[in-house]
Each structure stands twice: as structure tokens, then as C-alpha cells.
Amino acid sequence: MQALTTRGKEVSREPMTFMERLYIPSILKGMAITFSHIFKKQPTIRYPEQTREFSPVFRGLHVLNRDEEGRENCTACGLCAVACPAEAITMEGAERLPGEENKYREEKYAAKYEINMLRCIFCGLCEDACPKDAIYLSETFAPANFTRKGFIYGKEDLLIPDPVTEPEAYAKARGEKRVHN
Amino acid sequence: MTLLAFDWILLVEKLILIAIITFASLGIALYTTFGERKVAAILQDRPGPNRAGPFGLLQPLADGLKLIMKEEIIPNSASKALFILGPGLAMTAALMTCSVIPWSSHVELFDRKIDLQIADINIGILYIFGVVSLGVYGIMIGGWASNNKFSLMAALRGASQAISYELAMGLSLIAVLMIGGSLSLKTIVDEQMAPGAHWNIIYQPLGFIIFFICALAECNRTPFDLPEAENELNFGYHQEYSSMKLGFYLFSEYINMIMSSAVMVCLFFGGYDLPFFDESRLPVNYAAMVGLGTFLIKIVIFIFVFMWIRWTIPRFRYDQLMNVGWKKLIPLALFNMLLTAAVILWRQG
């Protein structure tokens, strides 16, 4: 039979020698191995205080983007919802009224934009589908919650802070990630 | 008037000593559980409990509180009196062993010479053996009274294991007693401390190994933790126990571990003797403190070795356990005894 791996070892079926039957040498060998682990570095990340570094391509929580003047990019075209394989995105569009030009970039905007984080599989297809660079996946992940309702993120949870009024919070939410234009 | 002629201060002194030693053993046992988890974690490259207090030092208190607050469940089909008696007996037997252990030499307070030992009885080590074998009843009664087949199996295993290993343990001990010529732990320690004398481990390496293996089995520690075997017996004899009754079983195990470490230190490692150091040059009280510290450090080292073994090797199978006990250890112990006797005879000429 062909071996499945290159690391296979032939098992010896010979009767044990006297030294092997004593057990104690092999037990001491084992104890030396466990003792050496005292000096090994722990791979543990102490979570709430320390967090894991994510790679720049990490797909985490969604962010609804704004442009440099702080206007929402989303036009409620629904392409993200169509692209979503998990059907996690729901939205309702509304028409921009006169005087709201500083809030929404184009004539139509999303009045309601909800993502069910329990359905979402964080594939990033919404990000790919969006023609307006309005949605992208950040480097954070959805924190735990007590209710199912708590996992349905609305606009207030998703929207990135205003770059004009809160530049620091905006930079933090934006993270290291490049938003492709 | 004979009653009044009794040395009442001695009684008070001993009561205080008993209280201190009982609470100290409970406290140490509490922290041994913490030590066990930390040692396990470190040997497995984990941090271990580190949330409660600095370095997780309050963890055992949290565990104790949890055990006390939990619901007490006595199964319907259990035999109630025996069910309650089981953990109590295990705990009592475990705590009783500490009464003959010489924790250190003596201190001088208020013009009185106070021995740091509850009772220096001349059959000290025999007393320990007697009490330890009583501890088996805790396991057996607990397992029987639970009315659960797994518990019963575990109790049977525990009892047969304890009986088979006590034999080899006693035989290996005889060799030590032949060298020292006394059953009193204090005398055994003093003989090892005497100028020019060596620790018994030098004369009795084989005896020590046998004694150590048997001590592991007596404490139901891995690789001899068959009574507890989680994977085959579902937690063994304390499966039906909850709350502090379970806590008593777990506690008594740790106290047993501490006590068997203490006995091994006394018998083979010179008790409270600090090596390469002459305690008699120090003032009495300082010497006692140094001795106590040395004794505790030696115990801690032994407890660490117990844990280290536990987190290294897997459990023996039941037939292997019996084979090792009856076919290997007992003949070896007998051989060791004969050899010691022959050497002693030869040296006497």
C-alpha cells in the first residue's frame, strides 16, 4: 500500500527489552520533555488586554463609508444586498431633500441599512459589488451580544464617524486598510 | 486532685499547635489546587488561572466559595448516612496524618520548650500507615453509598489499589527502619541530622523509588489515578457528589499529597535538615524557623514532582497496575530489605 504521508514510521512489534520494560527511563525522558516546556514561550494572547494583529486583508465588521467632506457614499442601489450570498443585508432608499447636500453625496441615500451579523459570513462580496466605495470590511469583528436583535447592526452602528467633525475617530475606524477608489 | 496536677499549659500549647497545623494544611491544600493548575498550564505552554487577583492568586478562594455555594445534591437512591460519612471520613483521615509529622525542631517561648510536632509517639510511622489505610474507607464508602455503578467500580479499584501498594510501601519502609532503628519520625529525622550522618536517600535509593511509586498510588495520583479515571469511569467515586462534599474529597486528596510528601521528606530527605549547614550554631528559635522553612521547601519540591509526573505520563491500565504492584514492586522491596539487612549484618561484623 502506498504511504499517505512521508512521515510515517514503521511500528516495531518486537517484544520490549529489559530497559523498556522498566518504564522508568522512558518516564524520565518524558519528564525531561515536559520540564523543557517550562522555558518555552506561551503563544497565548491575553484577549481583552491584548488583541491579535490582523492582516491588512482581514475581513471584519462592515463600515459604511463617507467621503472627505463627511457625506455618506451609499446610494441604496442594492447591489451589495444582491451580491450577498447570506442575504444578510436589508436596505431602504430615500430621496435626498434640498438642504441635505452636506449629508448625502448623491440624490439618493439609504434611509435604513441593516446587516444581520449572525447571517453574515464576512466574505466581502458586498465590498466588491459596491460601485460607490460605500461599504467595506474593517479590521474589527462583531463583539458578543446578549440578544439576537443585538446582532442586527443598523446605520448608527455601521456608519463611519464624520472625518470633518471627528477626524480621530474616523481615522481609527478606517484603520490601516486601503479603501480602493 | 490528680486532674489539676495535669500540665494544663501543655494542653493549651498542643491545642494551639493543632489549630495552626490544621488550618495551615487546609490553606496549603487550597493553594496546592492552584499550584496544580498553574503547573499544568506552564508545562503545557499556557498561562493558567490569571484572572482572579494578581497572578490569579485569589482563584482558590473563588473556587472554594463556588463549591460552598453550590447546591447540595444527595441522590434519591443513595444511602444517606454513608453518603455524608464518606467525604468526612476521607477528610478526617487525611488531616489526622499531620499529627505525628515533625515540622521542625523546637522553639523556646515563655520559658517553655515547645516541640513543633503535635505528638512524638514512638510508633509515628505505623500510625501514619494506619490512618492512611483508613482513608481508603472514605473512597469505598463514598463509592458504595452513591449507588452508582461507576462509583462502585472506582471504589473497588481504589480499595484494591491501596491494599496492593501499601504492602510494597511497608516493605520498602522496613529497610529504612532497619537503618534508623526507630519508628518515631522525630528520631528518624534527628538521626539523619546528626553530625556525620547522611540522608537516608543515600543508603536507600531503591527503597525511596519504591516508596515514591507507592506514595503516588496511595494518593491516587497519575499514573495510578484509576479510581478517578474520567474517561472510563466518568469521574469515579465522587461522581454523585456535589458542592462541598465533592470539595472535601478533592481537598483530602491534596492533603494526602502534602502529607505523603512530608513523610517522604522525613524518611529519606532529612526532614527539616538544611544540607551543609549546622543548625545547632543558631539560636534555638531561629534554628526552628530555618528548619520549618527547609521542611516546607522540600515538601513543595515533592508536590511539584507529583504534579510534574501527573502532567507527563498517562494512566496505567488496571492489569498493569496490579502487575507493577504485586510482581515488580513487592519482590523488589523484599530484595531491598534483604540487601539492607545483609549489609547491616556485614558491617556489624
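Calculation criteria
Residues numbered from 1 in each chain as written. Chains lettered and ligands numbered in written order. Predicted model: local features only at pLDDT ≥ 70, side-chain atom pairs only at ≥ 80, totals over all residues. Helix = DSSP H or I, 4+ residues; strand = E, 2+ residues; numbered from the N terminus. Rg over C-alpha atoms; globule rule 2.2 N^0.38 Å. Buried ≥ 20, exposed ≤ 12 C-beta atoms within 10 Å, placed from the backbone. Contact = placed C-beta atoms within 7 Å. Nonpolar A, V, L, I, M, F, W, Y, C, P; charged D, E, K, R; others polar. pLDDT = per-residue confidence, 0-100. Core = buried A, V, L, I, M, F, W, Y, C linked by C-beta atoms within 7 Å. Axes fitted to C-alpha atoms, helices over the stretch in contact; angles between N-to-C directions. Parallel < 35°, antiparallel > 145°, perpendicular 65-115°, else oblique. Left-handed = near helix turned anticlockwise from the far one by under 90°. Pairing = 2+ DSSP bridges. Expected span 1.5 Å × (residues − 1). Arc of directions from axis to C-beta.

### Some words on the overall build of chain A
Right, on to step 1. Within chain A one finds six helices and five strands.
Right, on to step 2. The C-alpha atoms of chain A give a radius of gyration of 27 Å, which is well past the 16 Å a tight globule of 181 residues would have.
Right, on to step 3. For the C-alpha atoms alone, the extent of chain A along its principal axes is close to 95 × 40 × 35 Å.
Right, on to step 4. Buried positions account for 17% of the 181 residues belonging to chain A.
Right, on to step 5. Long-range contacts, defined here as pairs at least 24 residues apart, represent 72% of the contacts in chain A between residues at least 6 apart.

### Observations concerning the overall build of chain B
Right, on to step 1. Looking only at helices and strands, chain B features twelve helices and two strands.
Right, on to step 2. Helices and strands in chain B line up, N terminus first, as α-α-α-β-β-α-α-α-α-α-α-α-α-α.
Right, on to step 3. The C-alpha atoms of chain B give a radius of gyration of 21 Å, which matches the 20 Å a tight globule of 349 residues would have.
Right, on to step 4. Principal-axis analysis of the C-alpha atoms gives chain B an extent of 60 × 55 × 50 Å.
Right, on to step 5. Out of the 349 residues belonging to chain B, those deemed buried represent 42%.

### Regarding the interface of chain A and chain B
Right, on to step 1. Listed as interface residues are twelve residues of chain A and, on the opposing side, eleven residues of chain B.
Right, on to step 2. In the side of chain A that touches chain B, the residues fall into five nonpolar, five polar and two charged.

### Examining the environment of B:N336
All names here are of chain B.
Right, on to step 1. Checked against the element boundaries, N336 lands in helix 12 (residues 318-348).
Right, on to step 2. Exposure remark for N336: the 23 C-beta atoms within 10 Å place this residue in the buried category.
Right, on to step 3. With 129 residues separating them along the chain, N336 and G207 place their C-alpha atoms 6.6 Å apart.
Right, on to step 4. In contact with N336, not counting residues within four places along its chain, are S172, A175, L206, G207 and I210.

### Observations concerning the confidence of the model for chain B
Right, on to step 1. Model confidence for chain B is summarised by a mean pLDDT of 85, while 98% of its residues fall at 70 or above.
Right, on to step 2. Across the interfaces of the predicted complex, the ipTM metric reaches 0.76, alongside a pTM of 0.79.

### Observations concerning the nonpolar core
All names here are of chain B.
Right, on to step 1. Counting residues in hydrophobic clusters, the biggest one holds 85 residues, and the most contacted among them are A168, C214, I258 and C266.
Right, on to step 2. Per-element tally for this core: the top contributor is helix 10 (residues 243-268), with 15 residues.
Right, on to step 3. What C266 contacts, discounting residues up to four positions off in sequence, is I101, P102, L185, I188, V189 and G271.

### A closer look at the packing of helix 3 (residues 80-96) of chain B against helix 10 of chain B
All names here are of chain B.
Right, on to step 1. The interhelical angle for the contact between helix 3 and helix 10, taken along N-to-C directions, is 20 degrees, at an axis separation of 8 Å. One way to sum up the angle between helix 3 and helix 10 is to call them roughly parallel. For helix 3 against helix 10, the interelement crossing comes out left-handed. Listed contacts from helix 10 to P87, G88, A90, M91, A94 and L95 of helix 3 are K245, F248, Y249, F251, S252, I255, N256 and M259.

### Considerations on the pairing of strand 2 (residues 112-115) of chain B
Residues and elements named next belong to chain B.
Right, on to step 1. Across four bridges, strand 1 (residues 106-109) lies against strand 2 in antiparallel orientation. Directly across from H106, in strand 2, lies its bridge partner D115.
Right, on to step 2. Counted along the chain from strand 1 to the antiparallel partner strand 2, the turn is two residues long, and its residue F110 has a positive phi close to 50 degrees.

### Some remarks on the sheet that holds strand 2 (residues 89-95) of chain A
Pairing between the strands of a sheet comes from backbone hydrogen bonds, and it takes one of two forms, parallel or antiparallel.
All names here are of chain A.
Right, on to step 1. Taken in spatial order, the three strands make up an open sheet running 2-3-5, and their pairing is antiparallel. The open sheet terminates on both sides in strands that have one partner only, identified here as strand 2 and strand 5 (152-153).
Right, on to step 2. Alignment of strand 3 (residues 108-116) against strand 5, held across two bridges, turns out to be antiparallel. When the bridges of strand 5 are listed, N116 appears paired with I152.

### Remarks on helix 1 (residues 8-43) of chain B
Right, on to step 1. For helix 1 of chain B, which comprises 36 residues, the first-to-last C-alpha distance of 51 Å matches the rise-based estimate of 52 Å (1.5 Å per residue) to within 8%.
Right, on to step 2. Restricting attention to buried positions, one finds in helix 1 of chain B the residues B:S25, B:A29, B:T32, B:F34, B:K38, B:V39 and B:L43.
Right, on to step 3. Packing partners of the buried residues in helix 1 of chain B comprise helix 2 (24-36) of chain A together with helix 2 (59-69), helix 3, helix 10 and helix 11 (284-310) of chain B.
Right, on to step 4. Positive phi appears at B:D45, one or two residues downstream of helix 1 of chain B, with a value of about 60 degrees.

### Some thoughts on the packing of helix 5 (residues 149-180) of chain B against helix 12 of chain B
All names here are of chain B.
Right, on to step 1. Between helix 5 and helix 12, whose axes approach to 8 Å, the crossing angle comes to 10 degrees. With respect to their mutual orientation, helix 5 and helix 12 come out roughly parallel. Crossing hand, helix 5 versus helix 12: left-handed.
Right, on to step 2. Partitioned by chemical class, the residues of the contact of helix 5 with helix 12 number 19 nonpolar, six polar and one charged.

### What about the pairing of strand 3 of chain A?
Right, on to step 1. Bridge count for strand 2 of chain A against strand 3 of chain A is seven bridges, and the pairing is antiparallel. Across the sheet, residue A:G93 finds its bridge partner in strand 3 of chain A, namely A:A110.

### Focus: unusual backbone geometry
Right, on to step 1. One non-glycine residue with positive phi stands out, namely A:D133, at about 55 degrees.
Right, on to step 2. You can see A:D133 is positioned in the loop between helix 4 (125-129) and strand 4 (135-137).
Right, on to step 3. Classification of A:D133 by C-beta neighbours within 10 Å gives partly exposed; the count is 14.
Right, on to step 4. In this structure, B:F55 takes a positive phi of about 55 degrees despite not being glycine.
Right, on to step 5. Along the chain, B:F55 falls in the loop between helix 1 and helix 2.

### Some details on the environment of A:P85
Residues and elements named next belong to chain A.
Right, on to step 1. Tracing the chain through its elements places P85 in the loop between helix 3 (79-83) and strand 2.
Right, on to step 2. A tally of 11 C-beta atoms within 10 Å means that P85 is categorised as exposed.
Right, on to step 3. Sequence-wise, P85 and I121 are 36 residues apart; in three dimensions their C-alpha atoms are separated by 8.3 Å.
Right, on to step 4. If sequence neighbours within four positions are ignored, P85 has contacts with I121, C123 and L125.

### Overview of helix 6 (residues 185-193) of chain B
Residues and elements named next belong to chain B.
Right, on to step 1. Every buried residue belonging to helix 6 is among L185, K186, I188, V189 and Q192, and all of these are buried. Projected onto a plane normal to the axis of helix 6, the buried residues spread over an arc of 165 degrees and lie on a single side.
Right, on to step 2. Tucked into the core, helix 6 has its buried residues touching helix 4 (124-145), helix 5, helix 7 (200-203) and helix 10.

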